[in-house]
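# Structure assessment
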Amino acid sequence: MPSPLRSIAVFSGSNFGFNPAYTEGARALGREIGRRGLQLVYGGTDRGLMGIVADAVLAEGGEVVGIITRYLHDLGHLHGGLTRHEITPDMRSRKTRMSEWADAFIALPGGLGTFEELFEVATLTQLGEHNKGVACLNIGDFFNPVRSLFEHAVKEGFMKTEHSDMLIFDTDPAALIDALEQWQAPNVNKWIAPAQT
């Protein structure tokens, strides 16, 4: 049976982080995406883990689509070897275009931009505005605090368990993509009845 995935958006840091495992994990993910013949969609730069994952896909003969803002493009941050790129006026339109291109999403370690992108696509999945799986490549337990935060939100009555559990966490890129191929959206609304007082 053919894979339901054709294109995966990867959110990641434009820095490398201090742990060399982050670079190795980004490279391993890029190799796996390329080997499977999937298209990478990402932020379009050659910086940090973003550049590492793009280079790895390209080295496997894969296609890479970069979506970059005009500001970053004009700073000279565009990766020079992309299959295709688009320039957007701002971050909001950049995220929209990445979401439109992608069949699923994977977050690598990163900073504010990565967290913001991850939470936005997870929210859109929760609300049913798209039916696309979201995953975190949990290199060096980087995303454990996110998992703990979700569990805390469930405990405090702000999130249903089904929505906490819909994010996929794994340390292995192949297992992560396999899980995204099998992923199904939770069939539950987000609202929780208030506690009886």
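A quick note: this is a predicted structure, and the numbers were derived from the prediction, not measured.

## What about the overall build of the protein chain?
- Looking only at helices and strands, one finds eight helices and seven strands in the protein chain.
- Relative to a compact globule of 197 residues, whose C-alpha radius of gyration would be 16 Å, the protein chain shows 17 Å and is just as compact.
- If one aligns the C-alpha atoms of the protein chain with their principal axes, the spans along those axes are about 60 × 35 × 35 Å.
- Taking all 197 residues of the protein chain together, 47% fall into the buried category.
- Taking as baseline every contact in the protein chain between residues at least 6 positions apart, the subset at least 24 positions apart corresponds to 71%.
- Of the accessible surface of the protein chain, which amounts to about 10100 Å², a share of 52% is contributed by carbon and sulfur atoms.

## Focus on the packing of helix α1 (residues 20–35) against helix α8 (residues 173–182)
- Viewed as axis vectors pointing N to C, α1 and α8 meet at an angle of 50 degrees, and their least axial separation amounts to 9 Å. Between α1 and α8, the interaxial angle falls into the category oblique. The two elements α1 and α8 cross, and the hand of that crossing is right-handed. Contacts between α1 and α8 pair A28, L29, E32 and I33 from the former with P173, A174 and I177 from the latter.

## Things to note about the packing of aromatic side chains
- This structure, assessed with the given rule, holds five aromatic pairs.
- Summarising the aromatic geometry, the rings of F11 and F105 are spaced 5.8 Å apart at their centres and angled 15 degrees between planes, so their arrangement reads as stacked. Pair noted here: F11 is in strand β1 (residues 7–11) and F105 is in strand β5 (residues 104–107), with a separation of 94 residues, a long-range link.
- Residue F11 is classed as buried on the basis of its relative accessible area, which comes to 5%.
- When its relative accessible area of 1% is taken as the criterion, F105 is described as buried.

Definitions and cut-offs
Residues numbered from 1 in each chain as written. Predicted model: local features only at pLDDT ≥ 70, side-chain atom pairs only at ≥ 80, totals over all residues. Heavy atoms only, no water. Helix = DSSP H or I, 4+ residues; strand = E, 2+ residues; numbered from the N terminus. Rg over C-alpha atoms; globule rule 2.2 N^0.38 Å. Buried < 20%, exposed > 50% of the residue type's maximum accessible area, 1.4 Å probe, protein only. Contact = heavy atoms within 4.5 Å. Areas by Shrake-Rupley, 256 points an atom, 1.4 Å probe, with all protein chains shown as cover. Axes fitted to C-alpha atoms, helices over the stretch in contact; angles between N-to-C directions. Parallel < 35°, antiparallel > 145°, perpendicular 65-115°, else oblique. Left-handed = near helix turned anticlockwise from the far one by under 90°. Phe/Tyr/Trp six-rings, centres within 6.5 Å; stacked < 30°, edge-to-face > 60°.

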